[in-house]
Amino acid sequence: MLDFPAASSVDECFALFSAPGPVSSPLPKYTSRRLCVAPMMEWTDRHCRYFLRLISPHARLYTEMVTTGALLHGDRDRFLKFDPAEHPVALQLGGSDPVALAQCARYGYEQGYDEINLNCGCPSDRVQDGRFGACLMAEPQLVAECVAAMRAAVPIPVTVKTRLGIDDLDHDEHLHRFIGSVAAAGCEVFILHARKAWLSGLSPKENREVPPLQYERVYAVKPAFPSLTIVINGGVTSAAAARDHLSFVDGVMIGREAYHNPYMLAEMERALFDGESPSREAVVEDFARYMERELDAGVPMRAMTRHILGLFNGLPGARRWRRELSELAAADTRRSGVLLSATAHLAATASDFRRRHAADAASTVS
Ligand SMILES: Cc1cc2nc3c(=O)[nH]c(=O)nc-3n(C[C@H](O)[C@H](O)[C@H](O)COP(=O)(O)O)c2cc1C
């Protein structure tokens, strides 16, 4: 059974959710979207986000997409749970029913999320069957209704992540019409994955690789809508590239590279915020403490270690790090202190590899 008041229209939805309530609490303090980490199903769960936050104090983190059906009928606490250290953190919703989205946005707000993001970019068959994700690009009016309903339900920003187009609806005229309609409904932030999506014939993975990146089309949105916050996404793998994009748009969202090579976020921190990140070894120690806590709460070790496999990528010792981490996960030890010392050992081993490599390189040069 649903435990929220039934509303059958957007107007009713406004009436229900605009009522005074906890919604009038102070607005969140986190506003920057200069650096964002993308929503990624099965990847950016709360353990991953906690880990990435240790490396990047400034990045805005996005949850995996959670469908309205899952939140309304499933284990809501499990889907919404996050650690306070994750702020600023945005909840990404998948759906296309304004009333259900408004209710789910409200749940997200009450849980403490800083932003509600609507997925209008996922091209999988499953989401198309549910009439949401990228296929919503063909229905700007419906997206506007969804945004208006969510805006009425929460005082935090409601944002949209989308593609440049779908199938033959792939020209700037349509994109700008889409953005204009949705912005008029109250969305002030658009995250644009800089490629179109093919709704049939390509898998979601191929849809992240095959359609070419068209950064110029994202840049062109900013002068057309100067008051909107425009975040560019797709294929950004270095701080230099991020800096270039920031000459044209307000923010950069990183997906796969942040997952496979998470310490690249330290480079981003330096380049975009003049900020400092802890060393890899310090990150490991902090994450080990977090893992101890979560293990005690019954989370399997592998659910956490799988997100940190890439920490030493590109460095000597990376393969050994991955292997030892996998062995540690397989052992799934739960004895307090064991994990901490094992991960400290791993970090020290990796760091020792690096020192020796640096010394070898220096002696080769001299
Ligand atoms: C494993 C995986 C899962 C993804 N899941 C989502 C998702 O839940 N919601 C979403 O909007 N995009 C999702 N994406 C797309 C990313 O958010 C991002 O738009 C895409 O990977 C392009 O950025 P990148 O080139 O920096 O990786 C996913 C991507 C990957 C690799």
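Going by the structure above, here's the rest.
Conventions adopted
Residues numbered from 1 in each chain as written. Predicted model: local features only at pLDDT ≥ 70, side-chain atom pairs only at ≥ 80, totals over all residues. Helix = DSSP H or I, 4+ residues; strand = E, 2+ residues; numbered from the N terminus. Near = placed C-beta within 6 Å. Nonpolar A, V, L, I, M, F, W, Y, C, P; charged D, E, K, R; others polar. Buried ≥ 20, exposed ≤ 12 C-beta atoms within 10 Å, placed from the backbone. Pairing = 2+ DSSP bridges. Right-handed = clockwise from strand over helix to strand, strands pointing away. Axes fitted to C-alpha atoms, helices over the stretch in contact; angles between N-to-C directions. Parallel < 35°, antiparallel > 145°, perpendicular 65-115°, else oblique. Left-handed = near helix turned anticlockwise from the far one by under 90°. Contact = placed C-beta atoms within 7 Å. Core = buried A, V, L, I, M, F, W, Y, C linked by C-beta atoms within 7 Å. Expected span 1.5 Å × (residues − 1). Arc of directions from axis to C-beta.

Student: Tell me about the environment of R163, residues and numbers included.
Tutor: Following the sequence through the fold, R163 ends up in the loop between strand 5 (158-162) and helix 8 (172-184). Put simply, R163 and V218 are 55 residues apart on the chain and 9.7 Å apart in space, counted from C-alpha to C-alpha.

Student: Just give me the short version of the site of the ligand, but keep the residues and values in it.
Tutor: Taken together, 23 residues sit near the ligand, with A38, M40, M65, G255 and R256 positioned nearest. Taken together, the elements giving at least two residues each to the shell around the ligand come down to strand 2 (60-67) and helix 11 (256-260). Its residues assigned to classes, the shell around the ligand shows nine nonpolar, eight polar and six charged.

Student: Help me get a handle on the pairing of strand 6 (residues 189-193), residues and values and all.
Tutor: Of all five residues making up strand 6, five are buried, and the element is well covered by its neighbours. Side chains V189, I191 and H193 project from strand 6 onto one buried face, and the interleaved F190 and L192 project onto a second face that is buried too. Summarising the sheet, strand 5 and strand 6 pair through three bridges and their orientation is parallel. Within the sheet, the bridge partner assigned to K161 lies in strand 6 and is I191. For the segment spanning strand 5, helix 8 and strand 6, crossover handedness is right-handed. Of the pairings in the sheet, the one linking strand 6 to strand 7 (residues 229-233) comprises five bridges and is parallel in character.

Student: Account for the packing of helix 2 (residues 46-55) against helix 13 (residues 280-296), naming residues and giving values.
Tutor: Between helix 2 and helix 13, the least distance of the axes is 10 Å, while the angle of their chain directions is 150°. The orientation of helix 2 with respect to helix 13, classified from their angle, is roughly antiparallel. The chirality of how helix 2 crosses helix 13 is right-handed. Listed contacts from helix 13 to Y50, F51, L54 and I55 of helix 2 are V283, D286, F287 and Y290.

Student: Run through the sheet that holds strand 8 (residues 251-254), naming residues and quoting values.
Tutor: Reading around the barrel, the eight strands line up as 1-2-3-4-5-6-7-8 and close back on themselves, with parallel pairing between neighbours. Looking at each pair of strands side by side, their axes are set apart by 25° on average, direction ignored. Its contacts with the sheet place helix 5 (residues 98-111) against strand 3 (89-94), strand 4 (115-120) and strand 5, and it is angled at close to 160° to strand 3.

Student: Explain the environment of P226 residue by residue, including any values.
Tutor: Among the secondary structure elements, P226 is positioned in the loop between helix 9 (215-224) and strand 7. On the neighbour-count criterion, P226 (8 C-beta atoms within 10 Å) is exposed. Separated by 23 residues in sequence, P226 and V249 place their C-alpha atoms 9.7 Å apart.

Student: Talk me through the nonpolar core; I want residue IDs and the actual numbers.
Tutor: Core analysis: the biggest nonpolar cluster contains 97 residues, and A105, V147 and M150 have the highest contact counts within it. The element that contributes the greatest number of residues to this core is helix 7 (residues 140-153), accounting for nine residues. Discounting residues that sit within four places of it in the chain, V147 has contacts with L118, V158, V160, V182, A185, G186 and C187.

Student: Give a description of helix 15 (residues 318-331) that names residues and reports values.
Tutor: Along its 14 residues, helix 15 runs 20 Å from first to last C-alpha, staying within 8% of the 20 Å computed at 1.5 Å per residue. Looking at helix 15, one finds that the buried residues are W321, L325 and L328. Viewed end-on, helix 15 has its buried residues packed into an arc of 60°, placing them on one side of the element. Away from its buried face by more than 90 degrees, helix 15 exposes R319, R323, E327, A330 and A331.

Student: Summarise the packing of helix 5 against helix 7; cite the residues concerned and give the values.
Tutor: Two elements in contact, helix 5 and helix 7, have axes whose closest approach is 8 Å; the angle formed by their N-to-C orientations is 35°. Viewed along their axes, helix 5 and helix 7 form a crossing whose handedness is right-handed. Facing helix 5, whose interface residues are P98, V99, L101, A102, A105 and R106, helix 7 presents E145, C146, A149, M150, A152 and A153. Across the contact of helix 5 with helix 7, the residue classes tally to 10 nonpolar, no polar and two charged.

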